[in-house]
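Single-letter residue listing:
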Amino acid sequence: MRISVIGCGYVGLVTGGCLAEVGHEVVCTDNDPGRMAMLEGGRVPIYEPHLDAVLAAARRAGRLTFTRHAGEAVRAGDAIFICVGTPPRQTGEADLSAIDNVARLIATEARSPKLVIEKSTVPAQTGLQLKRALAVYSRKNGLAFRVASNPEFLREGTAVEDFLHPDRIVVGVEEQSSEEQCREIYRPILEGLFHCPVHTPACPPTPTPPMLVTTIASSELIKHASNSFLALKISYANVLADLCERLGANVEEVTRAMGLDPRIGPQFLRAGLGFGGFCLPKDIQAFIWLAESVGVDFGLLKETERVNRQRIELLLEKVRRALWVVKDKQVGVLGLAFKPNTDDVRFAPAIEVINRLVAEGAQVRACDPEAMEKAGALLPPIAYHRDPYEVAKNADALLITTEWEEFRRLDWERIRDLMARPLLLDARNLLDPAQMKALGFEYHSFGRPGC
Ligand SMILES: NC(=O)c1ccc[n+]([C@@H]2O[C@H](COP(=O)([O-])OP(=O)(O)OC[C@H]3O[C@@H](n4cnc5c(N)ncnc54)[C@H](O)[C@@H]3O)[C@@H](O)[C@H]2O)c1
């Protein structure tokens, strides 16, 4: 099928690349000229494992093109995926101006009817508004558009794998023809009919993902409901960690046992610095706002958000307690991305931690395997080093703020010897407390004995 993708960020590039990989003809566009220049030149503006290879292979096969002519991109596809950003406004409400802009673009530039698919995360009822906007702005060309919702559940860091091996595919539709078209788009993925770039030589056996067909409003709600529930689980584990600290229990033992109950499950029960990124923080806010706008008080989620914000302060309190005076101290920070295996620093807890440390007068230097460039645009001037050992040199304290595997495998004896004082604050519970103490570190983490 011929497919257009509007918005070439994390979701747009993975969607476009993977749909081309499985055999569709895909044309992508974005309204950021810098981003388009990179993509047209064969470069990938984000770090996401396997994405470079997927995009390069699809281009070589002639199934993936990038154009900055938005109208051309709109006309190219029978189905159009909207993958633009939906950032939070000051109130927490989702800013849907990019969706509105794209609706007007499609309505005025299309020359034939299209299936317009919301892939961006949007509040329930957006599909209705989108359909209305498409109808109003296309009145001169008399085209009829169908709208579908197809929320994306990929996780940055494993996005290509998640897209090609989803747990479920959700489509919200109004017409049978839209369901059939979505089924056709996802048929190679549903039937496993593609060459997988992630697993060589063959994918491990996995059950066929279900494709759930719902109303558009349910589909929109499913995405916000899922992300908010995940956020709630994380905040729950974090409050448990605080309780464990007071009672001398170990949060890892507690959450491990909890997670073995299939009704609870082990994921998203990791205590630490809390959630960040471009999904959970904004989606939970948008969901709270949506609920309030229709008279439902989702207090549970407000508390989830409050607990998450408090994590930063709890870490800073640990830093202050250990350092006594923060001003003029050399503080090394390992990790800037909101989670490992991505360069995404949007709403990353590490960014807020560094801002606060700098405001308190600390001399901060930081290291991240992929995110230093993007962090540089958000942070006040601090020192960056590719080499984590440089960050540790003469440091009064070292903080772990992203759980990159590289950090676990560092030569910690060497780090201890490089530091002015072997003080380690592991805000992601990445390392083993007993081992670190045996090495001679003053070691702090969340919810584990002696932390
Ligand atoms: N990042 C994730 O892990 C993830 C996962 C699932 C869903 N989502 C949702 O998908 C959407 C996109 O997320 P993302 O992380 O890819 O965002 P992003 O900021 O990385 O990408 C959005 C892209 O859209 C482009 N854009 C904005 N307005 C445009 C317009 N009018 N015309 C053309 N291009 C336009 C921007 O230039 C940008 O490149 C959001 O709604 C997000 O909540 C994100």
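Cut-offs applied
- Residues numbered from 1 in each chain as written.
- Predicted model: local features only at pLDDT ≥ 70, side-chain atom pairs only at ≥ 80, totals over all residues.
- Heavy atoms only, no water.
- Helix = DSSP H or I, 4+ residues; strand = E, 2+ residues; numbered from the N terminus.
- Buried < 20%, exposed > 50% of the residue type's maximum accessible area, 1.4 Å probe, protein only.
- Phe/Tyr/Trp six-rings, centres within 6.5 Å; stacked < 30°, edge-to-face > 60°.
- Core = buried A, V, L, I, M, F, W, Y, C linked by side-chain atoms within 4.5 Å.
- Contact = heavy atoms within 4.5 Å.

Draft legend 1. Focus on the environment of E352. Within the element layout of this structure, E352 appears in helix α13 (residues 349-359). Classification of E352 by relative accessible area gives partly exposed; the value is 36%. Considered as a pair, E352 and K318 are 34 residues apart in the sequence and their alpha carbons are 15 Å apart.

Draft legend 2. Looking closely at the packing of aromatic side chains. Under the criterion given, the structure shown has three aromatic pairs. Arranged with centres 5.5 Å apart and planes meeting at 50°, the rings of F287 and F298 form a pair that is tilted. With F287 in helix α11 (residues 280-293) and F298 in the loop between α11 and α12 (299-323), the pair connects residues that are eleven residues apart, well separated along the chain. With a relative accessible area of 9%, F287 lands in the buried category. Judged by centre distance (6.0 Å) and plane angle (75°), the rings of W412 and F441 are edge-to-face. You can see W412 sitting in helix α17 (residues 412-418) and its partner F441 sitting in the loop between α18 (433-438) and β14 (442-444), a full 29 residues away along the chain. Its relative accessible area of 6% is what places W412 among the buried residues.

Draft legend 3. Region of the structure containing the nonpolar core. Ranked by size, the top nonpolar core spans 54 residues in total, and within it L357 and W412 carry the most contacts. The leading source of residues in this core is α12, at seven residues. When residues no more than four places from it in sequence are discounted, the contact partners of W412 are L334, L398, I400, F407, L424, L431, M436, L439 and F441.

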